[in-house]
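A look at the structure
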Amino acid sequence: MNATAAIAGVKPASNAAISDRLAAHGRAAAAEVARYLKAGCAAPFLDDLLADYPSRGGKMLRPAICMANARVFGGDERAGVGCAAAIEILHNGLLIHDDIQDGSEVRRGRPTLHRLHGVALAINAGDALMFSALRPLIDALRPLGSGVARQVLEATMTMARETAEGQALELGWRDRNVLELSEADYFRMALKKTAWMGMIWPSQLGLIVGSAGRADPQSVMRFGYFLGVAFQIEDDVRNLCEDPGYGKERNGDLYEAKRTLMLIHARGASAPRDRERLDAFLALPRAARTERDVQWLAALMRDLGSIEHGRTVGVAMAGAAQHEFSLAYAGRPPSEDLSFLAGLAIWVVGRP
Amino acid sequence: MTTRKKPAGAEPPADPAAHAVRPEPIRMGPVRGTGAQSNESDLKSDADGRTEGPLNAISEDVAQAVRVGYEVFTENLRRGREAANAFSQGEYSLGQVPQDAGQTLNELGRLLKQLTDSSFDIVYRLAELLSTLKPPPPGQSSVPPFRSGSGDGAARSGPAAQALAVAVRFTPSGAGRALTSSLTRPRAQTSPAEIKASPLAPREGGAPSLTEVAIDFDIASGGLTATVSVPQGQAPGVYSGAVWAATQDMPLGVLAIELAQ
């Protein structure tokens, strides 16, 4: 299957063009985020914390997906940028809580917020960011009518529920040391934890505001799902590689005993003696997992082909995302934003 | 987990029958940046070194993973629809969110004001927005039609993919049960406001028709909701009426319900 042919008339953007688009949409969304987070009078122990994570940068993939969809479905940049800012603010609020739940020490190359300011203030800042996301969202919806506002709220409520379920799955598997997991379990978790908030919801918000509520939000769900799963698998694979990405710890997922596709594969493919040792490792508290054990597990995954399997499945999921793109966006007029969306499936598994 | 692969240099399982071994999968890693590409892979790459055709040669394990991926998504959608239906049959309905949100958010706003001096008046603005916003003028946006469902994805073929799910709710709740669960999708772009139901007439007898049927979008299920208002003292029995889209002359189907005794 040739990617260009599969997307009927839409040439996927190159990595360089995608980077440019991410940067352009990202700048617009970041400016909007900064504008909304700039308080009239700085509240002590709060406003500095709210601005911290957004100021550290990031790929800005979520806001860019939202803004591109808004334009592809007929709206201009103004229709999408408010939603994009809301998405980014909410995402940063969730990151603060996520770092606390995972015990993470570094975020985007700097100490996590709870390490800088303590858990209590960090949780409060996360709460505030999540509520603060409502303001740009409402401002973006105001000119579009109550019907559009209700569609956005319903999509947001669904996303919130799905994301919480996904996070609960991942934390529950780890904290209760759940061992008997399948690929389907992993895909379900990735759908809820990653794809819904990261790809489906931004796509839906862009589609709803861009089309003024006339397009079908369900039409982009499968594209977002497969894109999100491919993204998550690639993220997990990179964590096991030499350079997992700036600000991230190599093999950090192994220390955290994250139930990745590769871990599930390795456990299923390992010999009884290795599985016994693996189960004993997973049962340990995080602080008791040694470098030696982690290195052993990383080597086991390599020997069993688990990392290669994860890479291959990730690419296959990106292929499914390409296929779903061609269905969801069929008939949309060519544009830079359509090419950007068309190129994302390839980009997620080969991104810089 | 169905995938089993013999580890290099690992001891054989104690019980081979309980630990099936599959053949080595074809090695085909993603192309990263401008890195070298495996000779064993059929992947093509463009000037960026990016993968163009990731599905040219995949092992059965990977094909199975994609199939499972589709099944997981379909199952999740089905569960979401069931949850939405169950939710709507209780005392609280998603279709009533705008009204309820006003009350709830006012209360939420009051609580948040007690927590912080920062700008949480946003919730008041949300409540205000929900009650005052007006729809945009017709024809403001050019958008595609509802999804045709004609794709060849593993989980979307067949008549079910052409259907538009409809969840029927009753006011008061529990006043009846739905006999219709789906309609056909509109052929042209159609907003929920352009879909109307004719009054639901009784199948027999001279009871008055049910005239208040509100059609709305249900994002949780990806379909529609039809809220039927049942007047007090309405005669039990089966009622039905056509559902029309303003964008076409053929009805989307018949909405049928049964009122309890």
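Predicted model, so just to flag it, every value in this text is computed and none were measured.

Conventions and cut-offs
Residues numbered from 1 in each chain as written. Chains lettered and ligands numbered in written order. Predicted model: local features only at pLDDT ≥ 70, side-chain atom pairs only at ≥ 80, totals over all residues. Heavy atoms only, no water. Helix = DSSP H or I, 4+ residues; strand = E, 2+ residues; numbered from the N terminus. Buried < 20%, exposed > 50% of the residue type's maximum accessible area, 1.4 Å probe, protein only. Contact = heavy atoms within 4.5 Å. Areas by Shrake-Rupley, 256 points an atom, 1.4 Å probe, with all protein chains shown as cover. pLDDT = per-residue confidence, 0-100. Expected span 1.5 Å × (residues − 1). Axes fitted to C-alpha atoms, helices over the stretch in contact; angles between N-to-C directions. Parallel < 35°, antiparallel > 145°, perpendicular 65-115°, else oblique. Left-handed = near helix turned anticlockwise from the far one by under 90°. Nonpolar A, V, L, I, M, F, W, Y, C, P; charged D, E, K, R; others polar. Salt bridge = Lys/Arg side-chain N within 4 Å of Asp/Glu carboxyl O. Phe/Tyr/Trp six-rings, centres within 6.5 Å; stacked < 30°, edge-to-face > 60°. Core = buried A, V, L, I, M, F, W, Y, C linked by side-chain atoms within 4.5 Å. Polar contact = N/O pair within 3.5 Å; in protein donor to acceptor, adjacent residues only side chain to side chain. Pairing = 2+ DSSP bridges.

Observations regarding the overall build of chain A
On a plain count of helices and strands, chain A comes out with 17 helices and two strands. Put simply, chain A has 352 residues, and 66% of those count as buried. Look at the contacts in chain A between residues 6 or more apart in sequence, and 77% of them connect residues 24 or more apart. Surface exposure of chain A reaches about 12000 Å², of which carbon and sulfur atoms provide 55%.

Quick look at the overall build of chain B
Along the backbone of chain B there are four helices and nine strands. Overall, chain B shows an N-to-C arrangement of helices and strands of α-α-α-α-β-β-β-β-β-β-β-β-β. When the 261 residues of chain B are sorted by exposure, 43% land in the buried category. Restricting to contacts in chain B with at least 6 residues of sequence separation, those with at least 24 account for 51%. Of the accessible surface of chain B, which amounts to about 13700 Å², a share of 53% is contributed by carbon and sulfur atoms.

Details of unusual backbone geometry
The omega torsion of the bond from T171 of chain B to P172 of chain B falls at 0 degrees, within 30 degrees of zero and hence cis. Counting through the fold element by element, P172 of chain B comes out in the loop between β1 (163-171) and β2 (176-178). Phi is positive for F45 of chain A, close to 65 degrees, though the residue is something other than glycine. Relative to the helices and strands, F45 of chain A is located in the loop between α2 (15-37) and α3 (47-55). Of note, the phi angle at A257 of chain A is positive, near 55 degrees, even though the residue is not glycine. Inspection of the secondary structure assignment puts A257 of chain A in the loop between α12 (252-255) and α13 (261-269).

Quick notes on helix α8 (residues 134-141) of chain A
Across the eight residues of α8 of chain A, seven count as buried, placing the element largely inside the fold. Taken together, the buried positions of α8 of chain A are occupied by L134, R135, P136, L137, I138, A140 and L141 of chain A.

Brief notes about the confidence of the model for chain A
Here chain A shows a mean pLDDT of 91. Residues at 70 or above account for 95%. Ignoring residues within four places in sequence, the model shows residues 1-6 of chain A, a span with pLDDT below 50, making 16 contacts including any to other chains.

As for helix α4 (residues 61-72) of chain A
Residues and elements named next belong to chain A. Relative to the 16 Å expected for twelve residues at 1.5 Å per residue, α4 spans 16 Å between its end C-alpha atoms, a close match to the ideal helical length. Counting buried positions over the twelve residues of α4 gives ten, a clear majority of the element. Against the buried residues of α4 lie α2, α5 (77-102), α10 (183-210), α11 (221-239) and α17 (336-350).

Section: the packing of α5 of chain A against α8 of chain A
Residues and elements named next belong to chain A. Across the interface, α5 lies against α8 with an axial gap of 8 Å and an inter-helix angle of 165 degrees. Taken as axis vectors, α5 and α8 run roughly antiparallel relative to one another. Judged by the sense of rotation from one axis to the other, the crossing of α5 with α8 is left-handed. Facing A79, G82, C83, A85, A86 and I89 of α5, the residues of α8 in contact are P136, L137 and A140. Class assignment of the residues belonging to the contact of α5 with α8 gives a composition of eight nonpolar, one polar and no charged.

With respect to the pattern of salt bridges
Residue and element names in this part refer to chain A. Summed over all chains, the structure comprises 31 salt bridges over all chains. With a closest N to O distance of 3.0 Å, R35 and E32 form a salt bridge. One end of the pair, R35, and the other, E32, are both in helix α2, three residues apart, so they sit about a helical turn from each other. With relative accessibility at 52%, the residue R35 sits in the exposed group. For E32, a relative accessible area of 15% corresponds to the buried category. Between R188 and D185 there is a salt bridge, with the nearest N and O atoms lying 3.1 Å from each other. Of this pair, R188 and D185 both sit in helix α10, three residues apart, which is roughly one turn of that helix. Three or more residues are tied together by salt bridges with common partners; here these are R21, R71, E336 and D337.

Here we look at the packing of α4 of chain A against α10 of chain A
Residue and element names in this part refer to chain A. Two numbers describe how α4 lies on α10: the axes approach to 7 Å, and their chain directions differ by 30 degrees. The orientation of α4 with respect to α10, classified from their angle, is roughly parallel. α4 and α10 meet at a crossing whose hand is right-handed. Judged by residue contacts, L61, R62, I65, C66, N69 and A70 of α4 engage M197, G198, M199, P202, S203, L205, G206, L207, V209 and G210 from α10. Residues of the contact of α4 with α10, tallied by class, amount to ten nonpolar, five polar and one charged.

Looking at the packing of aromatic side chains
In total, this model carries eight aromatic pairs over all chains according to the counting rule given. With a centroid separation of 5.5 Å and an interplanar angle of 65 degrees, the aromatic rings of F223 of chain A and F325 of chain A are classed as edge-to-face. Of the two residues, F223 of chain A sits in helix α11 while F325 of chain A sits in helix α16 (residues 306-328), which places them 102 residues apart along the sequence. Pairing F226 of chain A with Y70 of chain B gives two aromatic rings, centres 4.6 Å apart and planes at 55 degrees, and the pair type is tilted.

Side note on the nonpolar core
A general feature of soluble globular proteins is that nonpolar side chains tend to end up buried together. Counting residues in hydrophobic clusters, the biggest one holds 127 residues, and the most contacted among them are F187 and Y329 of chain A. Ranked by the residues each element gives to this core, the list is headed by α10 of chain A, at 16 residues. The contact partners of Y329 of chain A, leaving out residues within four places of it in the chain, are N69, V72, F73, S203, V220, F223, L338 and L341 of chain A. Core analysis: the second largest hydrophobic core is formed by 25 residues, L210, V213, L252 and I257 of chain B among them.

Let's talk about the environment of R21 of chain A
Residue and element names in this part refer to chain A. Turning to its location among the elements, R21 is positioned in helix α2. R21 sits 43 residues away from A64 along the chain, and the two C-alpha atoms are 7.5 Å apart. The contact partners of R21, leaving out residues within four places of it in the chain, are G26, R71, E336, D337 and F340. At 2.9 Å, the side chain of R21 forms a polar contact with the side chain of E336.

Some words on the pairing of strand β7 (residues 223-229) of chain B
Residues and elements named next belong to chain B. The buried count for β7 comes to five of seven residues, which makes it a mostly enclosed element. Judged from the six bridges that link them, β1 and β7 form a sheet pairing that is parallel. By the bridge assignment for β7, V166 is matched with L224.

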